[in-house]
Amino acid sequence: MSVDFGLSSPLGPPACEKDAKAIQLIEEMTKNVNSVQEKLLAEILSRNSETEYLKRFNLNGATDRASFKSKVPVVSYEDLQHDIQRIANGDRSNIFSSQPVSEFLTSSGTSAGERKLMPIIHEELDRRALFCSLLMPIMNLYVPGLDKGKGLYFLFVKAETKTPGGLLARPALTSYYKSKHFKNRPFDPYDVYTSPNDAIFCSDIFQSMYTQMLCGLIMRKEVLRVGAVFASGLLRAIRFLQLNWKQLAQDISTGTLNPKITDSSIRECMAKILNPNQELAEFITKECSHESWEGIITRIWPNTKYLDAIVTGAMAQYIPTLEYYSNGLPIVCPIYGSSECLFGVNLKPMVPPSEVSYTIMPNMAYFEFLPHEHSSSSALSRDSPPHLVDLADVEVGKEYEVIITTYSGLNRYRVGDILRVTGFYNAAPQFKFIKRSNVLLSIDSDKTDESELQKAIENGSLLLSEYSTTVEEYTSYADTKTIPGHYVIYWELLVKDSANSPTDEVLSQCCLAMEESLNSVYRQGRVADNSIGPLEIRVVKNGTFEKLMDYAISRGASIGQYKVPRCVSLTPILELLDSRIVSKHFSPSLPHWTPERRR
């Protein structure tokens, strides 16, 4: 029987009074998109009118859209980097925002290999918490009874550093997990985790994962949903279970915690949770001993109603593997956001991943959209600014690059995401995430673009010079069949002296040299997070890339305009390349990585 809380919404009746308020907010925001956006921009501009950045463009206190659009340029991270570094070094003047910068959120690497630093003001966490409070009320509309069990979510904090000026620099999720909004969250029967906070806050990945998995096994019959932030993280958890189930079963059998878990707060909290349970230990042993792990999620957690992970964009490559392990459970992608800003929610969370669209919430930031055909140029002229479309004016079927203006002081900032408009909910556009602009390779949170891959190839191939050998052609592939996934680079070599060709050891060192050239996000994934496997070079027979061109021409490509693709994913092309492999080589050790000091 549905509960009526006096709300009429096309989304359906809310599950409880708290949910009713969240659904009401969604209705209000999506019905009044244009007025919400206009008011929000005026508030941002009014609040930040005395900042150094806005004063440069002679707004003179104007808060209207026309003045803003005609005077303030569209920018990329590189345009702001000097000012951001001033803040990082300790400059406390009002450069971007009238409110002090409370910390930096780190996002994916720039072409120079460093993580981007996004300045954030304290109230931004309140805004993000409000946004996140909408997610479970939406799920409760579609999946009844989530208050009768728990969520097994694999959540982790990552390395954080301080800038020379003393501000924290850390990933957005780490910031959120360590905030009062998460630590002191009120009890919500619809949103209870199996993982204790002590396990989530442990920075040692092994100890954190082990404890979260152990708790998930102990409470297996209570688990109603299984998730991680990214699909790759969920698969890493399954791989972790494959490698560690014997010790986990031993802990459950004896009621004693693995001595490798040394974190005192974890040991203290697990003493209250872990008791001898021989029957459960035998069950885990039986299920994990099967040669096939098909359906392992539903076998161990039989009451699971859905998986919760981002599988849009680059993560779509993991969908078949998740379906294999879960017997085809629905995969929910609830949220679309970035370090810079949270954007939209999925109002139809149970649709297949290929149909996921996100409804932009107009109270999060001021949104503009650059038609994708105009966004391919990385530098936009300030003399003839491009025509950007407002949130309420985008057109169904068209693709745009999203541009944001935030309370924290990012003004007309290019996020780099390409979105396609799929429809509207009330007056709010709904977008399908298409891709990150210029990203070739991605396994987890890493993003490697073409110029960065080219630089890595150049550095890796330097080791071949003393063997009179060069890389004639190359392409790449993100191999996600292994867990964790890894980069595969196909090389066609020109060996001038077959009697002095490079050895297996040299080619393995080429793999490592390439990894050393990749950005810090990639190297952290390799070293600290174990989310990326060793880079692989596959040397192919001479003439392979000619055959690749022949295949492309047979499919309609113009011989005069053909370019070797620097990343491939189509099965016939991969089959062609793999049929001509001469040798395979892997990085022999981990690349260098330490939590970088923010210079």
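Below, the discussion takes up the nonpolar core. One finds L241, F367 and W491 to be the most contacted residues of the largest nonpolar core, which totals 153 residues. Judged by nonpolar contacts, the second largest core, of 18 residues, contains A129, Y153, L155 and V332.

Our next topic: the sheet that holds strand β6 (residues 223-230). Spatial strand order, β3-β6-β7-β8: four strands in an open sheet with parallel pairing. The sheet is open, and its two edges are formed by β3 (150-154) and β8 (331-332), each paired on a single side. With two bridges joining them, strand β7 (residues 306-310) and β8 adopt parallel strand pairing. Looking at β8, one finds that D308 is bridged to V332. Strand contacts of helix α11 (residues 205-218): β3 and β6, with the helix running at about 155° to β3, the strand carrying the most contacts. Against the sheet, helix α12 (residues 231-254) touches β3, β6 and β7, its axis set at about 120° to β6.

Turning our attention to the pairing of strand β20 (residues 486-495). Side-chain direction in a regular strand flips from residue to residue, so the side chains alternate between the two faces of the sheet. Counting buried residues in β20 gives eight out of ten residues, a clear majority hidden from the surface. Once strand β19 (residues 469-479) ends, the chain turns through six residues before running back antiparallel as β20.

Here the focus is the packing of aromatic side chains. Taken as a whole and assessed by the stated rule, the structure comprises 20 aromatic pairs. Seen in terms of ring centroids, Y53 and F96 are 5.6 Å apart; in terms of plane orientation they differ by 55°. Their pairing is tilted. Placement of the pair is Y53 in helix α3 (residues 52-55) and F96 in the loop between α5 (77-88) and β1 (101-109), with a sequence separation of 43 residues. The residues Y53 and F96 share a single accessibility class, namely buried.

Between I483 and the following residue, P484, the backbone shows a cis peptide bond with an omega angle of -5°. Mapped onto the elements of the fold, P484 is located in the loop between β19 and β20. With a phi angle near 55°, N58 is a residue other than glycine that sits in the positive phi range. Mapping N58 onto the fold places it in the loop between α3 and α4 (65-71). N58 sits in the partly exposed class, given a relative accessible area of 47%.

This next bit is on the sheet that holds β19. To summarise the sheet geometry, strands pair through backbone hydrogen bonds and adopt either a parallel or an antiparallel arrangement. As summarised here, the arrangement of the four strands in space is β19-β20-β21-β22, forming an open sheet in which the pairing is mixed. Single-partner strands in this sheet number two, and they are β19 and β22 (581-586). With strand direction ignored, the average angle separating the axes of adjacent strands in the sheet is 25°. Pairing of β20 with strand β21 (residues 536-540) involves five bridges; the strand directions are parallel. When the sheet's bridge partners are listed, Y490 is paired in β21 with R538.

All right, on to the confidence of the model for the chain then. This prediction gives the chain a mean pLDDT of 90; 93% of its residues lie at or above 70. Segment residues 1-8: pLDDT under 50, and 13 contacts once partners within four positions in sequence are set aside and those in other chains are kept.

This paragraph deals with helix α16 (residues 319-326). In an α-helix there are 3.6 residues to a turn, and that puts residues three or four apart on one side. Within the span of α16, buried status applies to I319, L322, Y325 and S326. What you see down the axis of α16 is that its buried residues fit within an arc of 130°, all on one side. Here the buried face of α16 lies against α12, α15 (296-300), β7 and β8. N327 lies just past α16 and shows a positive phi near 60°.

One can describe the packing of α11 onto α12 by two numbers: an axis separation of 9 Å at closest approach and a directional angle of 70°. Relative to α12, α11 is oriented roughly perpendicular. Between α11 and α12 lies a crossing of right-handed hand. Packed against α11, whose contacting residues are F206, M209, Y210, M213, L214, L217 and I218, the element α12 presents R236, A237, F240, L241, N244, Q247, L248, D251 and I252 at the interface. Its residues placed into classes, the contact of α11 with α12 shows twelve nonpolar, two polar and two charged.

Where helix α20 (residues 544-554) contacts helix α21 (residues 571-578), the two axes come as close as 10 Å, and the packing angle between them is 155°. Regarding the angle of α20 to α21, the classification is roughly antiparallel. As for the relative orientation of α20 and α21, their crossing is right-handed in sense. From α20, T544, K547, L548 and Y551 reach across to α21, where they touch P572, I573, L576 and L577.

What follows concerns the side chain of N346. Inspection of the secondary structure assignment puts N346 in the loop between β10 (342-345) and β11 (358-360). You can call N346 buried: its relative accessible area is 2%. A polar contact of 3.0 Å, which involves the side chain of N346, links it to the backbone oxygen of C333. Beyond its immediate chain neighbours, meaning those up to four positions away, N346 contacts I138, C333, P334, V356, S357 and Y358.

To continue, consider the pattern of salt bridges. Evaluated as defined, the whole model comprises 35 salt bridges. When the shortest N-O distance is used, the salt bridge between E368 and K69 registers 2.8 Å. Of this pair, E368 sits in strand β12 (residues 366-371) while K69 sits in helix α4; the two residues are 299 residues apart in sequence, bridging distant segments of the chain. Taking the shortest distance from any N to any O, the salt bridge between E395 and K398 comes out at 3.5 Å.

What counts and what doesn't
- Residues numbered from 1 in each chain as written.
- Predicted model: local features only at pLDDT ≥ 70, side-chain atom pairs only at ≥ 80, totals over all residues.
- Heavy atoms only, no water.
- Core = buried A, V, L, I, M, F, W, Y, C linked by side-chain atoms within 4.5 Å.
- Buried < 20%, exposed > 50% of the residue type's maximum accessible area, 1.4 Å probe, protein only.
- Pairing = 2+ DSSP bridges.
- Helix = DSSP H or I, 4+ residues; strand = E, 2+ residues; numbered from the N terminus.
- Contact = heavy atoms within 4.5 Å.
- Axes fitted to C-alpha atoms, helices over the stretch in contact; angles between N-to-C directions.
- Phe/Tyr/Trp six-rings, centres within 6.5 Å; stacked < 30°, edge-to-face > 60°.
- pLDDT = per-residue confidence, 0-100.
- Arc of directions from axis to C-beta.
- Parallel < 35°, antiparallel > 145°, perpendicular 65-115°, else oblique.
- Left-handed = near helix turned anticlockwise from the far one by under 90°.
- Nonpolar A, V, L, I, M, F, W, Y, C, P; charged D, E, K, R; others polar.
- Polar contact = N/O pair within 3.5 Å; in protein donor to acceptor, adjacent residues only side chain to side chain.
- Salt bridge = Lys/Arg side-chain N within 4 Å of Asp/Glu carboxyl O.

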